[in-house]
Amino acid sequence: MYKNTNCFHLAIPCGDLETAKKFYSETLGCRLDNSAQEWADVDFWGNELTLHASEHKLDNERHDVDMGNVSVPHFGVHLSRKDFDALKQRLKDNGTKYYDEPYLRFKGTKYEQETFFVKDPNENILEIKTLTANPE
């Protein structure tokens, strides 16, 4: 299922499991696997994200960083430019609203990246980014 054996695993509370599965598969385009009655695995771009049915939501707060502030906790993925742009188009086509709109970070440096944030149905915050500069 996963692209390599060194993938990252994260388990999160997802609220209603069927709603969460729909978001991760239909909205984000991730593949679902190994679903059980109270949880499901998501191939999160080669990493294993496990959704657990739960009434609990993670608390989050905003932290000041270089370009403003970001929500903590959050998790996400670095994508190729092609996959990043395809996901942005998919979100647009699905009418998905950004939590934080796409923006450039570390502009003009070797770390330059475009990033955006979205919330899943249980208000877990995801950061999706792509490197835009050519590494040295």
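Nothing here was measured: the structure is a model prediction, and the numbers come from that model.

Going through the model one piece at a time under the given rule, you end up with 5 aromatic pairs. A centroid spacing of 5.3 Å and a plane angle of 50° characterise the contact between Phe-84 and Phe-116, whose relative ring orientation is tilted. Here the residue Phe-84 occupies a position in helix H2 (residues 81–94), and Phe-116 occupies one in strand E9 (residues 113–119), the gap between them amounting to 32 residues. Judged by relative accessible area, which is 0%, Phe-84 ranks as buried. Looking at Phe-116, the relative accessible area reads 0%, which means it is buried.

Let us look at unusual backbone geometry. Val-72 connects to Pro-73 through a cis peptide bond whose omega is 5°. Assignment of secondary structure puts Pro-73 in the loop between strand E6 (68–72) and strand E7 (75–78). One non-glycine residue with positive phi stands out, namely Trp-45, at about 50°. Structurally, Trp-45 is set in the loop between strand E3 (39–44) and strand E4 (47–53).

Mapped onto the secondary structure, Arg-105 falls in strand E8 (residues 100–105). For Arg-105, a relative accessible area of 14% puts it in the buried group. For the pair formed by Arg-105 and Gly-46, sequence separation is 59 residues and the distance between their alpha carbons is 24 Å.

Pairing in this open sheet of 4 strands is mixed, and the strands run E7-E10-E9-E8 from one edge to the other. The open sheet has two free edges, formed respectively by E7 and E8, since each of these has just one partner strand. Each strand axis lies, on average, 20° off the axis of its neighbour in the sheet, ignoring direction. Here E9 runs beside strand E10 (residues 125–131); their pairing, made up of 7 bridges, is antiparallel. What sits directly across from Thr-115, in E10, is Lys-129. Here H2 sits on the sheet and contacts E8, E9 and E10; the angle it forms with E9, its principal contact strand, is near 35°.

What counts as what
- Residues numbered from 1 in each chain as written.
- Predicted model: local features only at pLDDT ≥ 70, side-chain atom pairs only at ≥ 80, totals over all residues.
- Heavy atoms only, no water.
- Phe/Tyr/Trp six-rings, centres within 6.5 Å; stacked < 30°, edge-to-face > 60°.
- Helix = DSSP H or I, 4+ residues; strand = E, 2+ residues; numbered from the N terminus.
- Buried < 20%, exposed > 50% of the residue type's maximum accessible area, 1.4 Å probe, protein only.
- Pairing = 2+ DSSP bridges.
- Axes fitted to C-alpha atoms, helices over the stretch in contact; angles between N-to-C directions.
- Contact = heavy atoms within 4.5 Å.

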